[in-house]
Amino acid sequence: MININPLGLDGVLEITPRKFGDARGFFSETYNKSSFTEAGIDLEFVQDNHSYSAAKGVLRGLHYQLSPRAQDKLVRVVRGSILDVAVDIRRESPDFGKWVSLVVSAEKWNQILVPKGFAHGFVTLEDDTEVVYKVTDVYSPEHDRSIRYDDPAIGIEWPIAATEIQLSDKDRNAPLLSAAEVFG
């Protein structure tokens with residue numbers, strides 16, 4: 001059994017699996033294809049990724065892959081917490097350039113589904129954060145793209161001061177949305 005909460009942009013969902021606990025610890029079925037399909041989420045995940053960030057303020061994103069290697073992502077946190085962001089980059093969408101965010105954490109035991117056609121990124125809200133996510137296509141360097149996390153046209157409200165954010169060179173040098181290759 002999963003609880004599904006739409007986040008306001010087409011297809012971006014918060015998913016919270018049930019967690020059963022006792023004195024020994026807990027058990028949770030974080031993904032079950034049948035349960036997801038019954039809930040209207042019929043995706044075929046082909047790869048699992050695991051990212052570790054040692055410090056609060058590590059920002060990864062905004063990333064996406066173009067068709068035909070576009071990816072849906074199911075993101076969860078197994079230690080720590082993140083602010084996860086999805087940006088609609090489907091040029092023909094009435095929500096093009098709009099974003100939603102969700103705090104995803106090990107404590108809340110929630111997940112976010114980021115569909116194809118969205119750029120995805122997150123910033124760690126605490127030290128020693130581990131993020132695990134499933135994707136519906138394998139990584140393809142030829143289709144890999146990114147957009148600036150601080151693009152003023154998007155206006156994401158990151159909860160970490162710009163001076164405290166840690167970025168890769170790739171993310172620091174990403175193009176603005178207006179110059180990026182997007183969907184449609």
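Thresholds applied
- Residues numbered from 1 in each chain as written.
- Predicted model: local features only at pLDDT ≥ 70, side-chain atom pairs only at ≥ 80, totals over all residues.
- Heavy atoms only, no water.
- UniProt positions renumbered as here; feature names shortened; annotations may be inferred.
- Helix = DSSP H or I, 4+ residues; strand = E, 2+ residues; numbered from the N terminus.
- Contact = heavy atoms within 4.5 Å.
- Buried < 20%, exposed > 50% of the residue type's maximum accessible area, 1.4 Å probe, protein only.
- Pairing = 2+ DSSP bridges.
- Axes fitted to C-alpha atoms, helices over the stretch in contact; angles between N-to-C directions.

In the annotation of an unreviewed UniProt entry, the entry for the protein reads dTDP-4-dehydrorhamnose 3,5-epimerase, and the organism field reads Paramesorhizobium deserti. UniProt's Function (unreviewed entry) comment on the protein is quoted here verbatim: "Catalyzes the epimerization of the C3' and C5'positions of dTDP-6-deoxy-D-xylo-4-hexulose, forming dTDP-6-deoxy-L-lyxo-4-hexulose." Heading Sequence similarities (unreviewed entry) of the UniProt record for the protein holds this comment: "Belongs to the dTDP-4-dehydrorhamnose 3,5-epimerase family."

Thoughts on the UniProt feature "active site" (unreviewed entry) in the protein
According to UniProt, the positions carrying the feature "active site" (unreviewed entry) are His63 and Tyr133. A stretch of 71 residues holds the annotated residues, and the largest C-alpha distance among them is 13.5 Å, short enough that they meet in one place. Within the secondary structure, histidine 63 is located in strand β6 (residues 59-65). Non-local contacts of histidine 63, meaning those with residues more than four positions away in its chain, are made with Lys73, Phe118, Ala119, His120, Arg145, Ser146, Lys170 and Asp171. Turning to its location among the elements, tyrosine 133 is positioned in strand β12 (residues 129-135). Residue class for tyrosine 133 comes out buried when judged on its relative accessible area of 18%. Ignoring sequence-local partners within four residues, the contact set of tyrosine 133 consists of Gln47, Asp48, Asn49, Lys73, Leu74 and Val75.

Thoughts on the sheet that holds β6
Ordered in space as β9-β8-β11-β6-β13, the five strands form an open sheet in which the pairing is antiparallel. Of all the strands in the sheet, the pair left with one neighbour each is β9 (99-105) and β13 (144-146). The average angle at which neighbouring strand axes cross in this sheet is 25°, direction not considered. Note that β6 and strand β11 (residues 118-124) share four bridges and pair antiparallel. Within β11, the residue paired with arginine 60 across the bridge is phenylalanine 122.

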